[in-house]
Amino acid sequence: MGTGDGTVLGTTLLHNSGPAASRWNLVLLSEGYKSSEMTQWHADAQFFVGQLFAMPPFDEAAMQGRINIYRVDVTSTDSGADDPAPCGGTGVTAKTYFDATYCTGGLERLLTANTSIVEGVLKAQVPSWHQGIVVVNSAKYGGSGGTIAVTSTATNWVTVAVHELGHSAFKLADEYESWAGCTSGESGHDSYSGIEPTAPNVTLDSGRTTIKWAALVQAATVMPTSRNANCAVCDPQTNPAAAGTIGAFEGAGYYHCGLFRPAFNCMMRNLTPFCAVCRQAIRRTLNPFEWALRAVDVTSTIVECAFAPSGEPAPNDIAPAIQIAGATGSGSLQSRLYPRGVAGSVGAGCYPYEYRVDMTPVTGPLPASAVRTLSFDFGPVSRINYDGTGGADLFVITQGGPGTVRPASVTQRDNRLTIAFAAPGVAAAHSSFTIGLASDHPPRDTTAQVTDGAGNTHTIATRAPAFPHP
Ligand SMILES: [Zn+2]
């Protein structure tokens, strides 16, 4: 009934997006798999990753790039979990490492594991873990939330586990309007009379401009979008708005009336895809973690064609000086804008932004007068298939344009983009290649921070997208 009933074999990184110290680390642990069932466990864990990464917003490169997923292999003497008879179970007591059991607190579906054993394994195997999921090898439906979520491998188990992740990792509330089920004739769940819930996806307030997801409500959407005519029961009406509409639908957080949810359907209501409000809440939780953008090398012609296939649009340049103490001459930070991508181009609707650090007029001294990093707020990056090799977040013009120095890495944390050059940096007499990205948002004037080889920071005028600040 615990650690004597199995062995921790080790840990495998299933999805590696970068250093654990800067990523959101999700850990899957096996429970109730015998050593002869490890192949099945490996397949189940891989299945989870594939399913998760197909569900918006986890299908986005900027989300997958912030997540590491680990698989911890733990064997048990027996398969499955305890299934106590008082709940209607088989009465089986399984010898398993994390001692998982159904019927916790007398609820048949409430499947839990020994949290302190799980935490001990997490600490030893993945010290920087953020969320653990214990996967119990059992076809019987069950699960529970918390910083350690537990799920069985019953039909549809990944979706149920992702719903639990919605609670545990992203602080989302249940959007369904009943505690015991809409057919149960329950009492005590007619009208909510408590305070405003802290969760981002349920609210008392259905006001168009005051509702907490007001930014996602279209002007044409009726507010509230649906009311429940009979608070004694769940609202029987079908969706009065177009699928996916964000508004205020009455019935949420286990109450028939008095609480509103953002969409008619959601992962947090009925295991359908996350609504736009929940997707945004998930992004907000993951955005503080870092990701590395995918870059492609291109020619200047490829970039022009990506935004304007039939013509050469005129660029709009600024190139304010970068003056480094002790250096002879000054460099510059070039910022180049082009018109929005035209219809029919791969960059249709997107605004291109190009940057180049030009230190060619500078003569020494090295390495203090080299530029090491360039950072500024860019906001969401549009992923475009610039060169036919697949979606990329940025391009480096290595042919048909100036420069010789490529970025060593381009990363983003929150909205902040950081372009880093390998030592010695963009040195005196050198220029970086032109580095470009695209955004859905038009440009605004802002500043970039440039660090030099002596460790000093320079604030330089530049242009970047006017993305909305939440
Ligand atoms: Zn939702």
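All values derive from a computational prediction rather than experimental measurement.

**Structural notes on the domain arrangement of the protein**
Turning to step 1, where the next piece is worked out: For the protein, the domain assignment lists domain 1 (3-168), domain 2 (172-289) and domain 3 (293-465).
Turning to step 2, where the next piece is worked out: Distance from the C-alpha centre of domain 1 to the C-alpha centre of domain 3: 43 Å.

**Considerations on the state of the cysteines**
Turning to step 1, where the next piece is worked out: Per the stated rule, a full pass over the model turns up three disulfides.
Turning to step 2, where the next piece is worked out: Between the sulfur of Cys87 and that of Cys103 lies a disulfide, 1.8 Å long from S to S. Measuring handedness by torsion sign, the sulfur bridge of Cys87 and Cys103 sits at about 75° and is right-handed. Of the two residues, Cys87 is situated in the loop between strand S3 (67-76) and helix H3 (115-125) and Cys103 in the loop between S3 and H3; the sequence distance between them amounts to 16 residues. This pair shows no difference in class: Cys87 is buried, exactly as Cys103 is.
Turning to step 3, where the next piece is worked out: The disulfide that involves Cys182 links it to Cys234, with 2.0 Å between the sulfurs.

**Description of the sheet that holds strand S21 (residues 457-465)**
Turning to step 1, where the next piece is worked out: Taking strand neighbours across the sheet as the criterion, the six strands line up as S9-S17-S18-S15-S20-S21 in an open arrangement whose pairing is antiparallel. This sheet does not close on itself; its edge strands, each paired only once, are strand S9 (290-292) and S21. Here the average twist between neighbouring strands, direction ignored, is 25°.
Turning to step 2, where the next piece is worked out: Where strand S20 (residues 443-452) lies against S21, nine bridges are found, and the strand directions are antiparallel. Residue Gln449 lies in a different strand from S21, and its bridge partner there is Thr459.

**Considerations on helix H1 (residues 38-52)**
Turning to step 1, where the next piece is worked out: With 15 residues, H1 should cover 21 Å at 1.5 Å per step; its first-to-last C-alpha distance of 21 Å lies within 8% of that length.
Turning to step 2, where the next piece is worked out: Within H1, burial applies to Met38, Trp41, Asp44, Ala45, Phe48, Val49 and Leu52. Mapping the buried residues of H1 onto a view down its axis gives an arc of 140°, with all of them on the same face.
Turning to step 3, where the next piece is worked out: For H1, the secondary structure elements touched by its buried residues are strand S1 (6-15), strand S2 (24-31), S3, strand S4 (131-136) and helix H4 (157-168).

**Looking at the coordination of the zinc ion**
Tetrahedral metal sites with four donors have an ideal angle of 109.5 degrees; octahedral sites with six donors have ideal angles of 90 or 180 degrees.
Turning to step 1, where the next piece is worked out: Surrounding the zinc ion are the protein donor atoms Glu175 (OE), Cys266 (SG), Cys275 (SG) and Cys278 (SG), which sit 2.0 to 2.4 Å from the metal.
Turning to step 2, where the next piece is worked out: Donor residues for the zinc ion, ordered by position in the chain, follow E-x90-C-x8-C-x2-C. The residues Cys266 and Cys275 share a single accessibility class, namely buried.

**Considering the sheet that holds S2**
Turning to step 1, where the next piece is worked out: Pairing within the open sheet is mixed, and its six strands lie in the order S1-S3-S2-S4-S6-S5. Each end of this open sheet is capped by a strand with a single partner; those strands are S1 and strand S5 (143-144).
Turning to step 2, where the next piece is worked out: Pairing of S2 with S3, which is carried by six bridges, proceeds in the parallel orientation. Bridge pairing links Asn25 to Asn68 in S3.
Turning to step 3, where the next piece is worked out: Along the sheet face, H1 touches S1, S2, S3 and S4 and points at about 155° away from the line of S3.

**Description of the layout of surface pockets**
If a probe as big as a water molecule is rolled over the atoms, it shows which places are left empty.
Turning to step 1, where the next piece is worked out: Computed from the structure, the largest pocket encloses a volume of approximately 1100 Å³.
Turning to step 2, where the next piece is worked out: What lines the largest pocket is a set of 35 residues, and nearest its centre among them are Gln280, Arg283, Asn287, Pro380 and Pro468.
Turning to step 3, where the next piece is worked out: Looking at the lining of the largest pocket, the elements that each hand over two or more residues are helix H2 (61-64) and helix H6 (276-286).
Turning to step 4, where the next piece is worked out: Considering each element in turn, the lining of the largest pocket owes the most residues, seven residues, to H6.
Turning to step 5, where the next piece is worked out: The residue makeup of the lining of the largest pocket, split by class, is 17 nonpolar, eight polar and ten charged.
Turning to step 6, where the next piece is worked out: Of the voids in this model, the second largest pocket is the one considered here, and its volume is about 850 Å³.
Turning to step 7, where the next piece is worked out: As for the second largest pocket, its lining consists of 24 residues, of which Arg109, Tyr141, Glu164, Asp174 and Tyr176 are closest to the centre.
Turning to step 8, where the next piece is worked out: When residues of the lining of the second largest pocket are traced back to their parent elements, those giving at least two are S5, H4 and helix H5 (267-270).
Turning to step 9, where the next piece is worked out: A breakdown of the residues in the lining of the second largest pocket according to their chemical character gives ten nonpolar, nine polar and five charged.
Turning to step 10, where the next piece is worked out: Both domain 1 (3-168) and domain 2 (172-289) contribute no fewer than three residues apiece to the lining of the second largest pocket.

What counts, and where the lines are drawn
Residues numbered from 1 in each chain as written. Predicted model: local features only at pLDDT ≥ 70, side-chain atom pairs only at ≥ 80, totals over all residues. Heavy atoms only, no water. Domains from an automatic or database assignment. Disulfide = S-S within 2.5 Å. Helix = DSSP H or I, 4+ residues; strand = E, 2+ residues; numbered from the N terminus. Buried < 20%, exposed > 50% of the residue type's maximum accessible area, 1.4 Å probe, protein only. Pairing = 2+ DSSP bridges. Axes fitted to C-alpha atoms, helices over the stretch in contact; angles between N-to-C directions. Expected span 1.5 Å × (residues − 1). Arc of directions from axis to C-beta. Contact = heavy atoms within 4.5 Å. Donors = N, O, S within 2.8 Å, 3.2 Å for Na, K, Ca; no water. 1 Å grid on protein atoms, 1.4 Å probe; cavity = no way out; pocket = protein on both sides within 12 Å on 5 of 7 lines; lining within 4 Å. Points joined across faces, edges and corners; volume = space filled by probe spheres on them. Nonpolar A, V, L, I, M, F, W, Y, C, P; charged D, E, K, R; others polar.

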